[in-house]
Structures are given as structure tokens and as C-alpha cells.
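# Structure assessment
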Amino acid sequence: MALQASGQISLDDLHVEAGGTTGTECSLNDTDIRDIISKGDSAQNAINEYYGQSSAVSGNWISYQPRGPDGNLTWNNVNFGTAAANRYIITYTAFRTATSSSTSCTVNIAGQTTHRLAQLSVSSSSRSAGAQVDIANVPTGTTGTISMSTSNGSVYQYATAWVIYGVATNASGVPQYAAFAQSNTAGDATFNLSVQEGDMIIAGAGSGICGSSSNINWSGVTKNFSFVIQENNDRIMSAGTHFATSTGTRTIVADRNYSGASNSAFAMAFRK
């Protein structure tokens, strides 16, 4: 719940918003309190800067874009939402090639410095495949371009994206996730994430080979989409999103109705 927008606000109010216990010791320089307004260690901050602020991460799923057959994906005019200094775009991308050679993938998000959050494990197959999660701080503009480029070409590529405001960063300013799990099982993928109230959870799953009637259903997150692209073989990608309303362990399941090749799946939580 966000702090009040006006009137009296106390240090204890900030402590409770940050997840602390009312009446216990705290200070304005505590990390969890500073994180509410994304202030660094020992940075100057004042009580009135916290009006209307929340310890919860805000954001939303954007959309998805497939490409097949040969070539690299260029996703133009992606809706990045409201510009802000603390706006981050997160992508989940996947590909499969026509060769067994090791293949790397470069993701570009609006021309900004992009950080690899996770290189996802992918089940073995006769052709190389890959999947990954990347993030970039995109402070300006309402739309932009997301692109993929693989080192050995691709028979298909997929991208889906989220916008998130206020992600925690490390001492070097690199954005971080709070919890992460992955799977490359051919069947259903199950993840148990340790989350806090206010976390934004994203999840994705896909396969380099499936069937034309394949589908992925989710529990633990709200399903955003499942899409099958048909070219030579059928490929599938799906994603989900959830905002945690309580602290504890959250179980997330990607329920597949098929058994395919080159599978990947993940779940990731973000907080301030």
C-alpha cells in the first residue's frame, strides 16, 4: 500500500511501508527505507520525499513478437509506457538454429546498455537453441526497438517484454532480481520463489518444437499469452505476470499440453 500523499507522515510509517514492524528501531538511512524512493547509501533524503511512494514495484507486460523462418528479429515501435529515470525494460528471448554449432544471441533494447539477468538452460536437441532474460534502463521515449541477432542464424526467434519501474540495483548500478528459478524439463515446469509483498513476478516458457495445437497454461501468475508460430516445425512461447500481495513462497507452474524439444522456462521476482 502506498504512503499517504499529504498530511503527517512519520519515520515509523516509512518503516512499515518498507516491510518493518511498527514501533521497532529504524533510521532514515536504512536500506529498505531508502529503497522506497531509490536513494543510495547515505544519500540525502527527507520525509516529504516519501509522500505517495510505495515499496512495491510497478509495471506491466508489454507484448510479444515472433519471427520465422530465417533472419533476425527487429521489433519496432514497442510501447515502453511512461518515461521515467527508473524505467526498465525486461525481455525474455528464445531462438533455435539450423546447426548444431554453439550459438550466442545479442539482444538490443532501445540502444541502451543491456545486462544479462539469466542465461536459461535449454533441453538438448540436434540443433542449437537458446533463451535468456535481459534488462536495460530506458529513461526516455515512449516507444523503441528491441532486436535479436544470433551468431549462427536462426530458424525462428521470439521476444516478449515487460516494463518495470524502480528495480533494485547493486553497488555498480546494475539492476538485480530478488528471486529466480529455471527449468528445461520437457513436461510441466514448477518453480518455488521466495517473494515479498510488493514484488513483481514475471515468468516465461517456450519450446523449439511443439505441435500446432500446443498451449501453455499458468498457475501462480496471470497468463499474458501463448502463441505458436508455424514454419517447418511449430514453435511456442508463453509468459505470465503477478504482483505479490503477501510475503512467503509462491509456487508457479507452466502447464504444457505437449512434450517438445529445446524447452526453456523461468520465473523471476523483482523488488525495490
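Just so it is clear, the structure is predicted and the values come from calculations on it, not from any experiment. Along each chain, the written sequence defines residue order, and numbers are assigned to residues from 1. Restriction of local features to residues with pLDDT of at least 70 applies here, the model being predicted, together with a cutoff of 80 or more for giving and counting side-chain atom pairs; totals for whole chains, interfaces and linings are based on all residues. Only hydrogens and water are set aside when side-chain values are computed; all heavy atoms of the structure are taken into account.

### Digging into the packing of aromatic side chains
Any pair of Phe, Tyr and Trp rings, taking the six-membered ring for Trp, is counted once the centres come within 6.5 Å. Such a pair is stacked with planes under 30 degrees apart, edge-to-face with planes over 60 apart, and tilted for the rest. This model, assessed by the stated rule, comprises 7 aromatic pairs. Note on Y177 and F180: the rings are 5.3 Å apart at their centroids and 45° apart in plane angle, and the pair reads as tilted. Accessibility here uses a 1.4 Å probe with only protein chains present; expressed as a share of the type maximum, an area under 20% marks a residue as buried, one over 50% as exposed, and anything in between as partly exposed. Here Y177 falls in the partly exposed class, since its relative accessible area comes to 34%. By relative accessible area, which is 25% here, F180 ends up partly exposed. An aromatic cluster is built from W61, Y64, Y156, Y158, F225 and F227, whose rings are joined through pairwise contacts.

### With respect to the sheet that holds strand β15 (residues 248–256)
Here we have 3 strands laid out as an open sheet, ordered β10-β15-β12, and antiparallel in their pairing. The sheet is open, and its two borders are formed by β10 (189–195) and β12 (216–219), each paired with just one other strand. In this sheet, adjacent strand axes meet at a mean angle of 20° when their direction is disregarded. Between any two strands, at least two bridges found by DSSP are needed for them to pair. Here a strand is any run of E in DSSP of at least two residues, a helix any run of H or I of at least four, and the numbering for each starts at the N terminus. Inspection of the sheet shows β12 paired to β15 by 4 bridges, in the antiparallel sense. When the bridges of β15 are listed, I216 appears paired with R256. In this analysis an axis means a line fitted to C-alpha atoms, helices contributing only their contacting stretch, and an angle means the value between N-to-C directions, from 0 to 180 degrees.

### Details of the layout of surface pockets
Each cavity reported here is a set of points on a 1 Å grid over the protein atoms alone in which a 1.4 Å probe fits but cannot get out, each pocket an open set with protein on both sides within 12 Å along at least five of seven lines, and each lining residue one with an atom within 4 Å of a point. Grid points are joined across faces, edges and corners, and a volume is the space filled by probe spheres set on the points. By volume, the largest pocket amounts to about 550 Å³. Considering the residues around the largest pocket, the lining is formed by 24 residues, among which E17, A18, G19, S55 and E197 are closest to the centre. For the lining of the largest pocket, the element with the most residues is helix α1 (residues 11–17), which contributes 3 residues. Think of it as three bins: nonpolar holds Ala, Val, Leu, Ile, Met, Phe, Trp, Tyr, Cys and Pro, charged holds Asp, Glu, Lys and Arg, and polar takes everything else, Gly as well. The class makeup of the residues in the lining of the largest pocket is 9 nonpolar, 7 polar and 8 charged.

### Here's the deal with the pattern of salt bridges
Definition used for salt bridges: Asp or Glu carboxyl oxygen within 4 Å of a side-chain nitrogen of Lys or Arg. Considering all chains together, one arrives at 2 salt bridges under this definition. In this structure, the salt-bridge partner of D199 is R271, at a minimum N-O distance of 2.7 Å. With D199 in the loop between β10 and β11 (200–210) and R271 in the segment after β16 (264–270), this pair connects stretches of sequence that are 72 residues apart.

### Examining the nonpolar core
Residues I90, V133, W162, I202, F266, M268 and F270 are the most contacted members of the largest nonpolar core, which totals 26 residues. Elements represented by at least two residues in this core include exactly β3 (87–96), β5 (114–120), β6 (129–137), β8 (156–165), β11, β13 (222–231), β14 (233–243) and β16. By nonpolar core we mean a set of buried residues, namely Ala, Val, Leu, Ile, Met, Phe, Trp, Tyr and Cys, connected to one another through side-chain atoms within 4.5 Å. Of all hydrophobic cores here, the second largest spans 22 residues; its members include F191, A203, C210 and I216.

### Looking at unusual backbone geometry
Here the bond from G68 into P69 is cis, since omega is 0°, no more than 30 degrees from zero. One non-glycine residue, A110, lies in the positive phi region at around 55°. On the secondary structure map, A110 appears in the loop between β4 (105–109) and β5. What makes A110 partly exposed here is its relative accessible area of 27%.

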